[in-house]
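The residues making up each chain are set out below.
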Amino acid sequence: MQLHDLLIAPFADFAFMRRALAGAIALAIAGPPLGLFLILRRMALTGDAMAHAILPGAALGYLAAGLSLGPMTIGGLAAGVIVAAGSGVVARTTVLREDASLAAFYLISLALGVTIVSLRGSNIDLLHVLFGSVLALDDATLILLAAIASVTLVALAALYRPLVIETVDASFLASVSKSGGPVQIIFLALVVLNLVGGFQALGTLLAVGMMMLPAASAMLITADMTAMIGIAAAQGMLAGYAGLVISFHAGLPSGPLIILMAGLLYLLALVFGPAGGLLRRFKPGQHLEG
Amino acid sequence: MAHRGYVITYIIIALSLARGLPAHAQTPAKLPVVATFSILADFALNVGGDRINVATLVGPDGDTHVYQPKPDDAKELGAAQLIVVNGLGLEGWIDRLIRASGAKAPVIVATKGINPQQMNEEGRIGLDPHAWQSIANAKVYVVNIRDGLIAADPAGEAAYRANADNYLGKLDALEADVKRDIAKIPPERRQIITTHDAFGYFGTAYGFRFIAPEGISTETEASARDVAKIIRQIKAQNIPAVFLENVTDPRLVRRIAAESGARVGGTLYSDALSPSDGPASTYIDMMRNNVRELAAALAK
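Residues numbered from 1 in each chain as written. Chains lettered and ligands numbered in written order. Predicted model: local features only at pLDDT ≥ 70, side-chain atom pairs only at ≥ 80, totals over all residues.

Q: Requested: an account of the overall build of chain B, with residues and values cited.
A: Each helix and strand counted, chain B has 10 helices and 10 strands in total. Burial status across chain B gives 49% buried among its 300 residues. (Helix = DSSP H or I, 4+ residues; strand = E, 2+ residues; numbered from the N terminus. Buried ≥ 20, exposed ≤ 12 C-beta atoms within 10 Å, placed from the backbone.)

This is the structure in structure tokens:
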């Protein structure tokens with residue numbers, strides 16, 4: 001009974017908690033696998049940069065049409081795709097590498113966004129808008145989150161083989177197929193799509209956390225790529241559930257707590273992770289293998 | 001007393017102004033006044049009329065709590081001959097901004113002489129700065145602003161007094177209307193939820209209970225526990241309506257309403273006026289709009 005009150009009653013009693021959980025699960029299914037590929041491709045900070053890059057687009061959508069899901073999503077997508085494509089083109093055609101051109105593009109985009117917002121004179125609700133509230137998910141937002149998760153999963157399943165090969169050995173894929181370029185573009189588009197979906201629910205920066213933390217943690221737990229995806233998604237869901245329960249009982253803000261829970265799982269994996277945690281280094285015999 | 005210090009400052013500045021004025025008397029330049037936010041600017045304009053120019057730091061629909069100063073604002077302050085602030089901690093940034101701008105104009109604290117209410121927020125007790133939400137207090141604002149204007153521009157004393165008396169008369173009429181309209185709402189239905197508890201003085205003056213899902217500041221994010229508490233409370237106490245505010249996330253309010261069965265009222269204006277084409281572009285319109293929305297949502 002007490003355990004029920006603690007762990008289940010919040011969701012049984014309140015629809016907003018069920019919605020928040022559903023939203024968190026949708027984010028956790030799609031985000032962490034993408035985060036995994038970002039890490040494997042040494043693009044772990046790309047998510048953060050892209051999250052900043054979509055802000056101005058979302059802000060423009062907001063300024064044009066108010067607090068409406070459609071324009072903000074489209075604006076965010078457009079800004080993200082422009083920055084991703086722009087930095088890709090610059091990386092291919094100039095001396096700048098991808099990270100430098102991405103940094104340049106997202107900084108321009110962010111500055112532009114802040115300027116646009118201040119033109120309207122009222123900068124107040126933008127923080128509330130862009131740092132969405134997982135407690136205020138309405139039907140449209142939930143459907144958007146679920147649709148993004150579904151599209152991401154289907155796309156990842158279809159692209160899985162070329163994406164893994166391209167991630168591990170891009171020149172090999174280039175020698176056997178021309179799919180490398182399109183695969184990379186679709187992959188970045190999926191990242192943008194998930195960040196745009198995530199900012200509706202958790203806010204931009206926290207959406208990145210949901211993408212990267214479970215992924216990093218899964219890499220410490222297993223070396224098997226397929227298992228990593230499952231573990232990362234499961235950790236994301238666990239973090240979403242635990243964050244909401246604690247927010248409910250302790251009266252702390254929900255979005256940050258969800259990410260803190262993901263962070264806690266990451267720290268646990270960092271210490272105990274069987275595939276690369278700190279403790280593993282001190283097991284007898286391990287040093288000699290290295 | 002600090003107040004005496006102010007008064008002496010005003011007198012000194014008034015004297016120096018008075019000495020300087022006759023030279024430019026042929027071209028009556030307007031007195032540059034800076035008000036920190038839109039409601040104060042409305043009061044100042046009503047009292048100052050066409051003798052003054054009012055610049056507003058936080059414009060319509062802006063949030064005074066989280067305002068970011070712009071260089072223009074420092075310029076306005078530097079050029080001002082009178083600065084009108086609310087006080088009671090509303091404009092936490094104003095002292096630094098005034099210092100940074102090098103402004104030497106006297107600062108009128110519009111809430112001077114008001115009996116401040118406390119707000120209790122999760123155990124922290126602080127002064128509630130939203131005193132203008134009671135029309136009786138608004139009259140104190142107007143008197144303070146009138147006296148400040150007279151001190152800064154003694155030549156306009158007659159005009160300021162006439163304007164202020166005229167405006168105070170309008171506020172009296174407004175107060176009578178508000179009380180009459182609220183009397184029609186049954187007392188047990190005078191409970192509402194809004195996103196920002198800026199209505200403490202309104203509640204005390206007119207017998208309403210305002211319950212907020214967020215704290216005293218618009219910066220805090222609501223927790224799941226807060227939201228659940230409010231939904232439980234709406235159900236337990238049969239609170240008839242929830243209201244959106246012009247400065248915070250309306251999605252949360254809609255969610256609470258959908259889940260608790262309370263009616264979603266229209267927009268209440270609390271911290272800022274609406275743009276000039278909106279329903280609350282002046283203080284009087286704002287109060288009338290709020291009472292109209294309340295009456296509509298709380299009627300059976």
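Q: Any chance you could break down the overall build of chain A for me, citing the residues and the numbers?
A: In terms of regular secondary structure, chain A is built from 15 helices and 0 strands. Within chain A, buried positions represent 48% of all 290 residues. Intrachain contacts of chain A at a sequence separation of at least 6 include 70% that bridge at least 24 residues. (Contact = placed C-beta atoms within 7 Å.)

Q: For the environment of Ala275(A), give the residues involved together with the corresponding values.
A: All names here are of chain A. Looking at the element boundaries, Ala275 is found in the loop between helix H13 (254–272) and helix H14 (278–281). For the pair formed by Ala275 and Ala218, sequence separation is 57 residues and the distance between their alpha carbons is 9.0 Å. In contact with Ala275, not counting residues within four places along its chain, are Leu220, Ile221, Thr222 and Ala223.

Q: Which residues make up helix H10 (residues 283–298) of chain B, and what values do they have?
A: Given 3.6 residues to a turn, an α-helix orients residues that are three or four positions apart in the same direction. Relative to the 22 Å expected for 16 residues at 1.5 Å per residue, H10(B) spans 22 Å between its end C-alpha atoms, a close match to the ideal helical length. Buried within H10(B) we find Tyr283(B), Met286(B), Met287(B), Asn289(B), Asn290(B), Val291(B), Glu293(B), Leu294(B), Ala297(B) and Leu298(B). (Expected span 1.5 Å × (residues − 1).)

Q: Break down the environment of Ile8(A) for me, citing the residues and quoting the values.
A: Looking at the secondary structure, you find Ile8(A) in the loop between helix H1 (2–7) and helix H2 (9–13). Spatially, the C-alpha atoms of Ile8(A) and Val245(A) are 8.7 Å apart, while their sequence positions differ by 237 residues.

Q: Can you explain the sheet that holds strand S4 (residues 107–109) of chain B? Please cite residues and give values.
A: Residues and elements named next belong to chain B. What the 4 strands build is an open sheet, ordered S2-S1-S3-S4; its pairing is parallel. Single-partner strands in this sheet number two, and they are strand S2 (52–58) and S4. Across the sheet, the mean angle from the axis of one strand to that of its neighbour is 25°, orientation sign disregarded. Two strands pair when backbone bridges link them, and strand S3 (residues 82–85) and S4 are joined in this way by 3 bridges, in the parallel orientation. Looking across to S4, one finds that Ile83 is bridged to Val107. Across the face of the sheet, helix H2 (residues 38–48) comes into contact with strand S1 (31–37), S2 and S3 while running at roughly 150° to S1. (Pairing = 2+ DSSP bridges. Axes fitted to C-alpha atoms, helices over the stretch in contact; angles between N-to-C directions.)

Q: I'd like to hear about the pairing of S1(B), residue by residue, with values.
A: Residues and elements named next belong to chain B. Where burial is concerned, most of S1 is hidden: 6 out of the 7 residues are buried. Note that S1 and S2 share 6 bridges and pair parallel. What sits directly across from Val34, in S2, is Ala55. The parallel pair S1 and S2 is bridged by H2, and the resulting crossover is right-handed. As defined by bridge partners, S1 adjoins S3 across 3 bridges and the pair is classed as parallel. Its bridge partner being in S3, Val34 is matched across the sheet by Ile83. (Right-handed = clockwise from strand over helix to strand, strands pointing away.)

Q: Please set out unusual backbone geometry residue by residue, giving values where relevant.
A: Even without being a glycine, Arg42(A) presents a positive backbone phi close to 60°. Residue classification places Arg42(A) among the exposed residues on the basis of 11 C-beta atoms within 10 Å. Located in the positive-phi region is Leu88(B), a residue other than glycine, with phi close to 55°. One can find Leu88(B) in the loop between S3 and helix H4 (94–101). Judged by local crowding, Leu88(B) falls into the partly exposed class, with 18 C-beta atoms found within 10 Å.

Q: Break down helix H5 (residues 69–93) of chain A for me, with residues and values.
A: Spanning 25 residues, H5(A) covers 36 Å between terminal C-alpha atoms, matching the ideal 36 Å at 1.5 Å per step. Considered for burial, the residues of H5(A) that qualify are Met72(A), Thr73(A), Gly75(A), Gly76(A), Leu77(A), Ala79(A), Gly80(A), Val83(A), Ala84(A) and Ser87(A).

Q: Got a sec to walk through the packing of helix H3 (residues 15–40) of chain A against helix H12 (residues 225–250) of chain A? Specific residues and values, please.
A: Residues and elements named next belong to chain A. It is the contact of H3 with H12, at a shortest axis distance of 8 Å, that shows an interaxial angle of 150°. One finds that H3 runs roughly antiparallel with respect to H12. Relative to H12, H3 is oriented so that their crossing is right-handed. Residues belonging to the contact of H3 with H12 are distributed by class as follows: 19 nonpolar, 4 polar and no charged. (Parallel < 35°, antiparallel > 145°, perpendicular 65-115°, else oblique. Left-handed = near helix turned anticlockwise from the far one by under 90°. Nonpolar A, V, L, I, M, F, W, Y, C, P; charged D, E, K, R; others polar.)

Q: Could you give an account of the confidence of the model for chain B, naming the residues involved and the relevant values?
A: Residue and element names in this part refer to chain B. Overall, the predicted model of chain B reaches an average pLDDT of 82, with 82% of residues at or above 70. Counted against residues more than four places away or in other chains, residues 17–27, with its pLDDT under 50, gives 4 contacts. What the predictor reports for the complex is a pTM of 0.67 with an ipTM of 0.73. (pLDDT = per-residue confidence, 0-100.)

Q: Describe the packing of H12(A) against H13(A), listing the residues and the values that go with them.
A: Residues and elements named next belong to chain A. Orientation of H12 relative to H13, taken along the N-to-C sense of each, is 130°, at an axis distance of 7 Å. Regarding the angle of H12 to H13, the classification is oblique. Between H12 and H13 lies a crossing whose hand is right-handed. Contacts between H12 and H13 involve Gln235, Gly236, Leu238, Ala239, Gly240, Ala242, Gly243, Leu244, Ile246 and Ser247 on the former and, on the latter, Ser254, Leu257, Ile258, Leu260, Met261, Ala262 and Leu265. Here the contact of H12 with H13 is built from residues that sort into 11 nonpolar, 6 polar and no charged.

Q: For the environment of Thr64(B), give the residues involved together with the corresponding values.
A: Residue and element names in this part refer to chain B. Looking at the secondary structure, you find Thr64 in the loop between S2 and helix H3 (71–79). Considered as a pair, Thr64 and Ser38 are 26 residues apart in the sequence and their alpha carbons are 9.5 Å apart. Ignoring sequence-local partners within four residues, the contact set of Thr64 consists of Thr36, Phe37, Val58, Leu90, Glu91 and Asp271.

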